[in-house]
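Structural overview
Residue-level listing of the chains:
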Amino acid sequence: MVKVTVFDRIQNEKLDMIKFVLEGVSLEFANAFRRIVLSEVPVMAIDEVIFLENDSPLFDEIIAHRLGLIPLTTDLKNYNMRHECSCGGVGCTLCQVELTCSVKADLDGHIVRSGDLQSTDPAVKPVNENIVIAKLQKNSSLVFEAFARLGEGRDHAKYQPAQIGFGYYPDVKIDFLKCSDCPNQCIAAQRCPEDIIDFSKGKAQLVKDYWQACTLCEECARNCPQEAITVQDKPNNYIFTIESTGSISIKEIVEKAMIVFKEIFSEFLEHLKNKELFPL
Ligand SMILES: [Zn+2]
């Protein structure tokens, strides 16, 4: 049975992050989920830039690349992927958003930031207004038009909606019967870089929620002279961390990943029903 236990959640203006334990799935499933989030959950990113004036010391290409990497808030419900749009991919208000920037520096060292981008849709704008685009000298200008479109992480990393990773769930055991022969110190506790073993009461004990800190380095087991410690990973248990770029919420990321999952399987099922795979 699949079980999800959230043990850390931060959601504020600066950070949207979740940590949870996913139980009862195979390593392959856990990794498929991670890869679908990274490569098939679409978000908006700047995809085309038309430069009208660029007096900055940076080439147009460098600024265009920087613009592409600015996370944009994304409205998944009201925009189509360009190749699926009724416009046939030419570009319309249903599949792209225009962002313009027109800055003339009054002083030396004027910094053009993501907050200087003016979007035609208030729902699609930079997640953070302080991302540096370029630095201008007095009386120099930076003027451009940019187009943001939906895209997927498999095409470019700028479309990845989040950082996502998972690790094995640590299962550390201490055999206290073997501990009794030890002198008045615990070398294993001293060697653990994450301090998951507490020896302050004269007995080696695992600290509360040690599994959140343990990195499975096995330093404790290797340095225990009594060989009293075993370190393993719990089968089919994985600790996930997802941190959104701010383009879409973690809830939307997970929901969309599951929709993609379902679509893949129903398409496969459809082929089965049509007897393409097993004609007889
Ligand atoms: Zn369109």
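The rules we used
- The written sequence of each chain sets the order in which its residues are numbered from 1.
- Reporting in this predicted model follows two pLDDT cut-offs: at least 70 for local features of residues, and 80 or more for side-chain atom pairs to be given and counted; totals over whole chains, interfaces and linings ignore these cut-offs and use all residues.
- Calculated side-chain values reflect all of the structure's heavy atoms, with hydrogen atoms and water omitted.
- The numbering of helices and of strands both runs from the N terminus, where a helix is a DSSP run of H or I of at least 4 residues and a strand a run of E of at least 2.
- Residue count minus one, scaled by 1.5 Å, sets the expected span of a helix.
- Only protein chains enter the accessibility calculation, which uses a 1.4 Å probe; a residue is then buried when its area is under 20% of its type maximum, exposed when over 50%, and partly exposed in between.
- Nonpolar core, defined: a set of buried Ala, Val, Leu, Ile, Met, Phe, Trp, Tyr and Cys residues in which side-chain atoms within 4.5 Å join the residues together.
- What makes two residues a contact is simply this: any of their non-hydrogen atoms within 4.5 Å.
- Strands are treated as partners if at least two bridges between them are detected by DSSP.
- In this analysis, axes come from line fits to C-alpha atoms, helices being fitted only over the stretch in contact, and the angle between any two N-to-C directions falls in the range 0 to 180 degrees.
- Any pair of N or O atoms that falls within 3.5 Å is considered a polar contact. Within protein, one atom must be able to donate a hydrogen and the other to accept it, and sequence-neighbouring residues count only if both atoms are side-chain atoms.
- Distances decide who is a donor: an N, O or S atom must be within 2.8 Å of the metal, or within 3.2 Å for Na, K and Ca. Water is not included, so sites may look incomplete.
- When four donors show all angles between 85 and 135 degrees the site is tetrahedral, when four or six donors have opposite pairs over 155 degrees and all other angles between 65 and 115 it is square planar or octahedral respectively, and in every other case it is irregular.
- Here roughly perpendicular refers to angles of 65 to 115 degrees, roughly parallel to angles under 35, roughly antiparallel to angles over 145, and oblique to all remaining angles.
- Ten residue types, Ala, Val, Leu, Ile, Met, Phe, Trp, Tyr, Cys and Pro, are classed as nonpolar, four, Asp, Glu, Lys and Arg, as charged, and the remainder, Gly among them, as polar.
- Salt bridges are counted wherever a side-chain nitrogen of Lys or Arg sits within 4 Å of a carboxyl oxygen of Asp or Glu.
- Centres within 6.5 Å are what make two rings of Phe, Tyr or Trp a pair, Trp counting through its six-membered ring; a difference in plane orientation under 30 degrees is then read as stacked, over 60 as edge-to-face, and the rest as tilted.
- Placement of a charge over a ring requires the Lys NZ or Arg CZ to be within 6 Å of the ring centre, with the centre-to-atom vector within 35 degrees of the ring normal.

This paragraph deals with helix α7 (residues 250-273). Because the α-helix completes a turn every 3.6 residues, residues three or four places apart line up on one side. In a regular helix each residue adds 1.5 Å, so 24 residues correspond to 34 Å; α7 covers 35 Å between its end C-alpha atoms and thus fits that length. Among the residues making up α7, those that are buried are I250, I253, A257, V260 and F261. Downstream of α7 by a residue or two, K275 has a phi angle that is positive, lying close to 60 degrees.

On to the nonpolar core. Counting residues in hydrophobic clusters, the biggest one holds 26 residues, and the most contacted among them are I46, L67, L117, I133, L142 and F144. Of all the secondary-structure elements, those providing two or more residues to this core are β3 (43-54), α2 (60-68), β4 (96-104), β7 (132-136) and β8 (141-151). Here this core gets 5 residues from one element, more than from any other, and that element is β8. In contact with I133, not counting residues within four places along its chain, are L58, I63, R66, L67, I70, V112, R113, S114, L117 and L142. Counting residues in each nonpolar core, the second largest holds 24 residues, with L22, A30, I36 and F261 among its members.

We now examine the sheet that holds strand β12 (residues 229-244). The 4 strands lie next to each other as β1-β2-β12-β9, forming an open sheet whose pairing is antiparallel. Looking at strand neighbours, the two that pair on one side only are β1 (3-11) and β9 (162-174), the edges of this open sheet. Strand-to-strand twist across the sheet, computed as the mean angle between neighbouring axes with direction ignored, equals 25 degrees. Pairing of strand β2 (residues 16-23) with β12, which is carried by 7 bridges, proceeds in the antiparallel orientation. Along β12, the bridge assignment pairs L22 with Y238. Sheet strands in contact with helix α1 (residues 27-40) are β2, β9 and β12, and its direction is about 155 degrees off that of β9. Here α7 sits on the sheet and contacts β1, β2, β9 and β12; the angle it forms with β12, its principal contact strand, is near 110 degrees.

What follows concerns the sheet that holds β8. Spatially, 4 strands are ordered β3-β8-β4-β6 in an open sheet, and the strand pairing comes out antiparallel. Only two strands of the sheet have a single partner each, and these edge strands are β3 and β6 (118-119). Pairing analysis gives 10 bridges linking β3 to β8, with the strands arranged antiparallel. Following the sheet pairing, M44 is matched in β8 by L150. On the sheet, α2 packs against β3 and β8 and is oriented at approximately 150 degrees with respect to β3.

A separate point is the side chain of S56. Looking at the secondary structure, you find S56 in the loop between β3 and α2. A polar contact is formed between the side chain of S56 and the side chain of N54, at a distance of 2.7 Å. What S56 contacts, discounting residues up to four positions off in sequence, is I63, A134, K135, L136 and S141.

Time to look at the coordination of the zinc ion. Around the zinc ion, the donor atoms from the protein are C85 (SG), C87 (SG), C92 (SG) and C95 (SG), and they sit 2.2 to 2.3 Å away. Classification of the site at the zinc ion rests on its 4 donor atoms, whose angles at the metal span 99 to 117 degrees, yielding the label tetrahedral. If you list the donors of the zinc ion from N- to C-terminus, the spacing comes out as C-x1-C-x4-C-x2-C. Given a relative accessible area of 6%, C85 falls into the buried group.

Glancing now at the packing of α1 against α7. Each pair of packed helices can be described by the angle between their axes along with the distance between the axes. With their axes 9 Å apart at the nearest point, α1 and α7 run at an angle of 110 degrees to one another. Compared by their axis directions, α1 and α7 come out roughly perpendicular. Counting all contacts with α1, which are made through F29, A32, F33, I36, V37 and E40, the residues of α7 involved are I253, V254, A257, M258, V260, F261 and I264. In terms of residue class, the contact of α1 with α7 is made up of 12 nonpolar, no polar and 1 charged.

As a further point, take the pattern of salt bridges. Counted by the stated rule, this structure contains 9 salt bridges. Note that D171 and K173 form a salt bridge whose closest N and O atoms lie 3.1 Å from each other. Looking at D171, the relative accessible area reads 19%, which means it is buried. Among the charged side chains, a salt-bridge network with shared partners connects D47, E48, R149 and K158.

What follows concerns the packing of aromatic side chains. According to the stated counting rule, one finds 10 aromatic pairs in the structure shown. Consider the rings of F261 and F265, whose centres lie 5.8 Å apart with planes at 10 degrees: the pair is stacked. Here F265 and F261 lie together in helix α7, a separation of 4 residues that amounts to about one turn. Members of the aromatic cluster, joined through ring pairs, are F20, F33, F166, Y168, Y238 and F240. The cationic tip of K203 hangs over the ring face of F176; the distance from NZ or CZ to the ring centre is 4.4 Å.

Shape is all these values report; function is a separate question.
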